[in-house]
Amino acid sequence: MGVLDNAREVLLTSNPREKAQRARQMRLDWLASGNIGSPPSDLPEQPARPSKPLLVSPMDVPRRRLGSKQGRGAMLHAVAHIELNAIDLAADMIARFSHHPSLAKEDVSDFISDWSSVCDDEARHFILLDDRLNALDVRYGDHPAHNGLWEAAQTTRHNFPARIAVAPLVLEARGLDVTPGMILRLKSVADMESAAILEVIYKEEIGHVSIGARWFKYLAAQQDKTAESYFHDLVRNHFKGRIKSPFNDKARTLAGLSKAYYEPLAEN
C-alpha cells in the first residue's frame, strides 16, 4: 500500500489512539519503501471520530483554573484535541495535495517526507498527552471541544496554497504564541510532567511551521508572487477567524515567518 492510501486510512480511523499509531506506522512504511501509490478518489469530508468529545462552539468550551488536577486535565484535553486534529490535517495534506499540479514531480517525495514527519510528530504528541490525561484520571472525550481546526481544513480543501497558509502558518503558528504561557502556568502549580510535554510540543511545532513556510514560499514562487502579499490575500479570503496578537516574534522568526506576514493582519 502506498503512502497516499495509508494517509487515507489515517483519516478513516476513528479510535484516537489507533489513529495516532496508524500515523506513526505510515511514516515508518514511507521511510522503508518510498512507495507513493495513486491518489485516493474518495477522501472523507470529515475524518472519522469517536462519539466523544461533544463538539461545541469555541466560545462554549469551558475555561478552568490550573490549580486543580481537573483544571489541568481540561487544559491538556484541549491540547490533545488540537493534536488529534493535527494528525488528520497532515494526513489530508499528503493524501489530497501530493499530486497537485503545483508540485514538480521531483519535489513530491520531499513534500511527502516533510508532511509524514509532521504527522508522526503530531501522533506522538497525542500519545504523550493521552498518557498524561490518563495519569490525571481524565480520558480523551471527557470534556467538550470545538471543530474549528477541521472547519478551516474544509474551507481550503480545493485550494492548496490556502491550505498551507491557513493550517501551519495561521493555526499552528498561533500555538507558538500561546504555548510558552501555558508552560509557565503549569510550572507555577508544580505540574512539571505536563509542562515537559508541552515543551516538547512547542519545540517541534516551530519545525512544523517552518515546513509550512518553506512550502508556502515554494507555491508563491510558482505563482510569481511575493510570499507575504500572497499570504495576506489567501488568509483574508479563506480564514474566518482572527489573527490575534501578541505574537511570539522570536519563535515565528525561527520558523521563517517574518513580521511582514502576520502583523498587517493582526487584530489587537
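Quantities reported herein were computed from a predicted structural model and do not represent experimental measurements.

**Remarks on the overall build of the chain**
Step number 1: Per the secondary structure count, the chain includes ten helices and two strands.
Step number 2: Put simply, of all contacts in the chain between residues at least 6 apart along the chain, 81% involve residues at least 24 apart.
Step number 3: A total accessible area of about 12400 Å² is found for the chain, and carbon and sulfur atoms account for 50% of it.
Step number 4: The averaged location of the 35 negative side-chain charges in the chain is 5 Å from the averaged location of its 34 positive side-chain charges.

**A few points about the pattern of salt bridges**
Step number 1: Tallying each qualifying case throughout the model produces 20 salt bridges.
Step number 2: In this structure, the salt-bridge partner of R17 is D131, at a minimum N-O distance of 2.9 Å. On the criterion of sequence distance, the pair formed by R17 in helix α2 (residues 16-33) and D131 in helix α4 (residues 108-135) is long-range, its members being 114 residues apart.

**What about the packing of aromatic side chains?**
Step number 1: Taken as a whole and judged by the stated rule, the model has ten aromatic pairs.
Step number 2: Judged by centre distance (5.6 Å) and plane angle (90 degrees), the rings of F111 and F160 are edge-to-face. Taken as a pair, F111 in helix α4 and F160 in helix α6 (residues 160-188) lie far apart in primary sequence, 49 residues in all.
Step number 3: Relative accessible area serves as the criterion here: at 0%, F111 is assigned to the buried category.
Step number 4: Owing to a relative accessible area of 1%, F160 belongs among the buried residues under this scheme.
Step number 5: Over the face of the ring belonging to Y262 we find R252, whose NZ or CZ atom lies 4.3 Å from the ring centre.

**Brief notes about the environment of E172**
Step number 1: Following the sequence through the fold, E172 ends up in helix α6.
Step number 2: Classification of E172 by relative accessible area gives buried; the value is 16%.
Step number 3: Note: C-alpha distance between E172 and A135 (37 residues apart in sequence) is 26 Å.
Step number 4: When neighbours within four sequence positions are excluded, E172 is seen to be in contact with E122, A167, E205, H208 and V209.

**Description of the environment of L129**
Step number 1: Topologically, L129 is positioned in helix α4.
Step number 2: Here L129 falls in the buried class, since its relative accessible area comes to 0%.
Step number 3: Considered as a pair, L129 and D92 are 37 residues apart in the sequence and their alpha carbons are 22 Å apart.
Step number 4: Once residues lying within four places of it in the same chain are set aside, the contact partners of L129 are L76, V79, A80, E83, I197, L198 and I201.

**A look at the packing of helix α7 (residues 192-222) against helix α8 (residues 227-238)**
Step number 1: With their axes 9 Å apart at the nearest point, α7 and α8 run at an angle of 95 degrees to one another. Classified by the angle their axes make, α7 and α8 are roughly perpendicular. Listed contacts from α8 to F216, K217, L219 and A220 of α7 are A227, Y230, F231 and L234.
Step number 2: Split into classes, the residues belonging to the contact of α7 with α8 amount to seven nonpolar, no polar and one charged.

**Re the nonpolar core**
Step number 1: By size, the foremost hydrophobic cluster in this structure holds 81 residues, and its most contacted members are I87, W115, L198, F216 and F231.
Step number 2: With residues near it in sequence (within four places) discarded, F216 still touches P161, I164, A165, L169, A227, Y230, F231, L234 and Y261.

**Describing the packing of helix α3 (residues 69-97) against helix α5 (residues 148-155)**
Step number 1: The N-to-C vectors of α3 and α5 enclose an angle of 20 degrees; their axes lie 9 Å apart at closest approach. Classified by the interaxial angle, the pair formed by α3 and α5 is roughly parallel. Of the two elements, α3 crosses α5, and the hand of that crossing is right-handed. Each of I82, N85, D88, L89 and D92 in α3 lies in contact with α5, whose residues at this interface are L149, W150 and A153.
Step number 2: Of the residues belonging to the contact of α3 with α5, the class tally is five nonpolar, one polar and two charged.

How each quantity is defined
- Residues numbered from 1 in each chain as written.
- Predicted model: local features only at pLDDT ≥ 70, side-chain atom pairs only at ≥ 80, totals over all residues.
- Heavy atoms only, no water.
- Helix = DSSP H or I, 4+ residues; strand = E, 2+ residues; numbered from the N terminus.
- Contact = heavy atoms within 4.5 Å.
- Areas by Shrake-Rupley, 256 points an atom, 1.4 Å probe, with all protein chains shown as cover.
- Lys, Arg positive; Asp, Glu negative; His and termini not counted.
- Charge placed at Lys NZ, Arg CZ, Asp CG, Glu CD.
- Salt bridge = Lys/Arg side-chain N within 4 Å of Asp/Glu carboxyl O.
- Phe/Tyr/Trp six-rings, centres within 6.5 Å; stacked < 30°, edge-to-face > 60°.
- Buried < 20%, exposed > 50% of the residue type's maximum accessible area, 1.4 Å probe, protein only.
- Lys NZ or Arg CZ within 6 Å of the ring centre and 35° of its normal.
- Axes fitted to C-alpha atoms, helices over the stretch in contact; angles between N-to-C directions.
- Parallel < 35°, antiparallel > 145°, perpendicular 65-115°, else oblique.
- Nonpolar A, V, L, I, M, F, W, Y, C, P; charged D, E, K, R; others polar.
- Core = buried A, V, L, I, M, F, W, Y, C linked by side-chain atoms within 4.5 Å.
- Left-handed = near helix turned anticlockwise from the far one by under 90°.

In short, shape yes, function no, at least from these values alone.
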